[in-house]
Amino acid sequence: MAGGFGPTTGGNGVVFEAKITPIVIISCIMAATGGLMFGYDVGVSGGVTSMNPFLKKFFPAVYHKKNTPDANQSFYCQYDNQGLQLFTSSLYLAALVATFFASHTTRQLGRRLTMLIAGFFFIAGVVLNATAINLAMLIIGRILLGCGVGFANQAVPLFLSEIAPTQIRGALNILFQLNVTIGILFAELINYGTEKIKGGWGWRLSLGLAGVPACLLTVGALIVTDTPNSLVERGRLEEGKAVLRRIRGTDNIEPEFLELVEASRIAKEVKHPFRNLLKRRNRPQLVIAVAMQVFQQFTGINAIMFYAPVLFSTLGFGGSASLYSSVITGAVNVLSTVVSIYSVDKLGRRILLLEAGVQMFFSQVIIAILLGIKVKDQSNNLSHGYAIFVVILVCTFVSSFAWSWGPLGWLIPSETFPLETRSAGQSVTVCINMLFTFIIGQAFLSMLCKFKFGIFLFFSGWVLIMSIFVVFLLPETKNVPIEEMTERVWKKHWFWKRFMDDESHLDGIEVNAIKDGKSNTQTNGSA
């Protein structure tokens, strides 16, 4: 039975009737399993790289440095190894490249087939990683997983934004991020268990169990239907109308369908979507999308989630204790993302980002002060009480990120681009995210070695900058239909409205439309 809610207002005040139908919920849950795979990849690498058998086989220099303390070397530097960082970050470099191909498949083949391609990449990468006998196999496996991430992160947020009714678009879109956090927690629980396996093969099981979410995504992509937006965009109008009728749970879909057709007609006039992104009227969306991805990574969250076991081990926790502590932060991550699902369409995007900015800033500053005072350079002995306090502060940081920059970093870009630049815009969004995830992943252990406790001050400074950005430059997009963003958001913003003046529209499509209009007028007049 479909659940109902108030009507959705579309273009020119037209009311779009919609219900919360089972097909919408099921499709979104299936699609969001792409986030489960992404999260597992994020969470599993940190735990595996803290396991001695894994280090001994693939990174013997790190193993020796970790287990043979040097009085002349800071404990902050025991994991500082470019090869070890490459194991983690190679996935994101591959995702960066793959997203350009994914943009083409998302546009030409649809969101559903792009998710299916992602699933196949994931499965191939899992097989190579779990059976790796040398570093080359390990890295190639991570690269294949990265290709899957590039395709999944391109298609899934678009799929979720387009299939969801406006009133619950934010909540359903955040299912992707919720699955990311569940994947991270799942990986950390697996690592905690496999670390205890005798024989030194537990890391293979950790990497191999990534096949579970990989198969879920592949099966989900086979089951779900493509979005009406994608079907209309590819000229399959009747099929698009039928799907729209099914997902909205009503026969009164003509107003919304006509708006989709019109948006698609305009989109087809755009021959070079990436070039179109640079046009004046698209700059606000592009700036917002790029800034959200850069800021999301410079909160420091991925540095913590990648290397949580390594970080806790560095701060004085034993091997099992460090994995246990990372499980706690993973659980907090999941629960806090649920908070975001509940509140994002009620409280709005901006208030969540601003509240989280305050919470993240102070938690990181306090961690830095505590470590600076209590932890000496060649000693990682942190008393039990202070160790628990550090975990609480990290959880405070993680929770605030999980209901703000984590899900909203993906939600806001996916709902702001118009249809004619949406696929290209999402590609740029994923590309920038993967680029800076790669940079942070590749640099964090070296930064930890150089900055020591100051690493938390570095990230807290960025949190302050991004909060100022939100205050002045990020408009509220709560309950605004995607196709109405220009009229209801950008044209009314104190700064971005200058990019939406009438003159900025007189290019490409608009010039042709004006010329056609003049020709028709002249023809009618002569007649």
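Residues numbered from 1 in each chain as written. Predicted model: local features only at pLDDT ≥ 70, side-chain atom pairs only at ≥ 80, totals over all residues. Heavy atoms only, no water.

Looking at an unreviewed UniProt entry, the protein carries the name Major facilitator superfamily (MFS) profile domain-containing protein, with the source organism given as Saponaria officinalis. According to the UniProt record, the Sequence similarities (unreviewed entry) comment for the protein reads "Belongs to the major facilitator superfamily. Sugar transporter (TC 2.A.1.1) family." (UniProt positions renumbered as here; feature names shortened; annotations may be inferred.)

Whenever I open this one, the overall build of the protein confuses me. Can you help?
Helix and strand content of the protein: 25 helices and four strands. Counting only residues that meet the buried cut, the protein has 59% of its 527 residues in that class. In the protein, once contacts between residues fewer than 6 apart in sequence are set aside, the share between residues at least 24 apart is 80%. (Helix = DSSP H or I, 4+ residues; strand = E, 2+ residues; numbered from the N terminus. Buried < 20%, exposed > 50% of the residue type's maximum accessible area, 1.4 Å probe, protein only. Contact = heavy atoms within 4.5 Å.)

Mind showing me how you'd approach the nonpolar core here?
In a soluble, globular protein the nonpolar side chains are often hidden away together inside. Membership of the largest hydrophobic core comes to 138 residues, with the highest contact counts inside it found for Phe-38, Phe-54, Phe-122, Trp-405 and Met-434. With 13 residues, helix H22 (residues 419-451) is the largest single contributor of residues to this core. (Core = buried A, V, L, I, M, F, W, Y, C linked by side-chain atoms within 4.5 Å.)

When you look at the environment of Leu-113 in this model, what are you seeing that I'm missing?
Locating Leu-113 in the fold gives a position in helix H6 (residues 111-130). Linking Leu-113 and Leu-222, residues 109 residues apart in sequence, is a C-alpha distance of 8.2 Å.

Quick question: what am I supposed to make of helix H2 (residues 33-48) here?
Owing to its 3.6 residues per turn, the α-helix aligns residues three or four sequence positions apart on the same side. Its 16 residues place the ends of H2 22 Å apart at the C-alpha level, agreeing with the 22 Å of an ideal helix rising 1.5 Å per residue. Across the 16 residues that make up H2, a large majority, 16, are buried. (Expected span 1.5 Å × (residues − 1).)

Before we go on, may I ask you to explain the side chain of Ser-45 in this structure?
For Ser-45, the location among the structural elements is in helix H2. Classification of Ser-45 by relative accessible area gives buried; the value is 0%. A polar contact is formed between the side chain of Ser-45 and the backbone oxygen of Val-42, at a distance of 3.3 Å. (Polar contact = N/O pair within 3.5 Å; in protein donor to acceptor, adjacent residues only side chain to side chain.)

Even after reading the chapter, I still don't get the packing of helix H5 (residues 82-108) against H6, so can you show me in this structure?
The description of two packed helices rests on the angle between their axes and on the distance between the axes. Between H5 and H6, the least distance of the axes is 6 Å, while the angle of their chain directions is 140°. The angle between H5 and H6 falls in the class oblique. Contacts between H5 and H6 involve Ala-102, Thr-105, Thr-106 and Arg-107 from the first element and Arg-111, Thr-114 and Ile-117 from the second. Partitioning the contact of H5 with H6 into residue classes produces two nonpolar, three polar and two charged. (Axes fitted to C-alpha atoms, helices over the stretch in contact; angles between N-to-C directions. Parallel < 35°, antiparallel > 145°, perpendicular 65-115°, else oblique. Nonpolar A, V, L, I, M, F, W, Y, C, P; charged D, E, K, R; others polar.)

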